[in-house]
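What follows is each chain in one-letter form.
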Amino acid sequence: MAGTYQWEDLASRKYVPWEAMGVEKISPDEEEDMKAVIAQINEMQRRQYNKTRHCFGGTHARTQGIVKGKFIIPGDLPTHLKQSELFREAGEHPVACRYSSEPGDPGLDAGPSET
């Protein structure tokens, strides 16, 4: 079946450990880029506060959905995939994912009769 692999098929590949030198190349401008993003978020929050006299965080307070489940690491995971502490041993871990949207303009939450 196309797209279906067995552990043995993948085990012969040469995998690069996630923590190996050179895997992540940090841009020389990364520090400046982070400061620019922080400044932009701060400016958006400052504008909202000046307009509404309320400060809003970067995530929307209205949850649109939550998914709960288990993240299962199988006991027969091949050696080449047992990278990092999380994958070295078999186990089950509870997981949850919250879905929401970016607030943008808090007035967008107002119902039709409130605008």
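Residues numbered from 1 in each chain as written. Predicted model: local features only at pLDDT ≥ 70, side-chain atom pairs only at ≥ 80, totals over all residues. Heavy atoms only, no water.

Draft legend 1. Seen up close, the packing of aromatic side chains. Under the criterion given, the structure shown has one aromatic pair. Seen in terms of ring centroids, F71 and F87 are 6.0 Å apart; in terms of plane orientation they differ by 75°. Their pairing is edge-to-face. Note that F71 is positioned in strand β1 (residues 65-73) and F87 in helix α3 (residues 84-88), a separation of 16 residues in sequence. According to the relative accessible area criterion, F71 is partly exposed, its value standing at 36%. (Phe/Tyr/Trp six-rings, centres within 6.5 Å; stacked < 30°, edge-to-face > 60°. Helix = DSSP H or I, 4+ residues; strand = E, 2+ residues; numbered from the N terminus. Buried < 20%, exposed > 50% of the residue type's maximum accessible area, 1.4 Å probe, protein only.)

Draft legend 2. Just a negative patch on the surface, in detail. On the surface, D29, E31, E32 and D33 cluster together into a patch of negative charge. Take E31: it is sitting in helix α2 (residues 30-52). (Patch = residues over 30% accessible without salt bridge, like charges linked within 9 Å, V, L, I, M, F, W, Y side chains within 5 Å. Areas by Shrake-Rupley, 256 points an atom, 1.4 Å probe, with all protein chains shown as cover. Salt bridge = Lys/Arg side-chain N within 4 Å of Asp/Glu carboxyl O. Lys, Arg positive; Asp, Glu negative; His and termini not counted. Charge placed at Lys NZ, Arg CZ, Asp CG, Glu CD.)

Draft legend 3. View of the pattern of salt bridges. The full count for this structure, using the stated rule, is three salt bridges. Two residues, R47 and E43, come together in a salt bridge whose shortest N-O distance is 3.1 Å. Here R47 pairs with E43, and both are found in helix α2, just four residues apart, close to one helical turn. Residue R47 is classed as exposed on the basis of its relative accessible area of 59%. On the accessibility criterion, E43 (31% relative accessible area) is partly exposed. One salt-bridge network, in which partners are shared between bridges, spans E43, R46 and R47.

Draft legend 4. Representation of the environment of T52 within the structure. In this fold, T52 is placed in helix α2. With a relative accessible area of 28%, T52 lands in the partly exposed category. Within the structure, T52 has its side chain in polar contact with the backbone oxygen of Q48 (distance 2.8 Å). (Polar contact = N/O pair within 3.5 Å; in protein donor to acceptor, adjacent residues only side chain to side chain.)

Draft legend 5. Highlighting a nonpolar patch on the surface. Judged by side-chain polarity, V37, I41 and M44 come together as a nonpolar surface patch covering roughly 260 Å² of accessible area. Structurally, the position occupied by I41 is in helix α2. Residue classification places I41 among the partly exposed positions, given a relative accessible area of 40%.

Draft legend 6. Structural view of α2. Counted at 1.5 Å a residue, the expected span for α2 with its 23 residues is 33 Å, and the 33 Å between its end C-alpha atoms agrees. Remark: R53 follows α2 within two positions and exhibits a positive phi of approximately 60°. (Expected span 1.5 Å × (residues − 1).)

Draft legend 7. Layout of unusual backbone geometry. Phi at S84 is positive, roughly 75°, even though this residue is not glycine. Assignment of secondary structure puts S84 in helix α3. Taking the relative accessible area as the measure of exposure, S84 reaches 16% and is therefore buried.

Draft legend 8. Quick look at the confidence of the model for the protein. Averaged over every residue, the pLDDT of the protein is 79; residues scoring 70 or more account for 72%. Averaged pLDDT values for the elements of the protein fall to 66 in helix α1 (residues 7-11) and rise to 93 in β1. (pLDDT = per-residue confidence, 0-100.)

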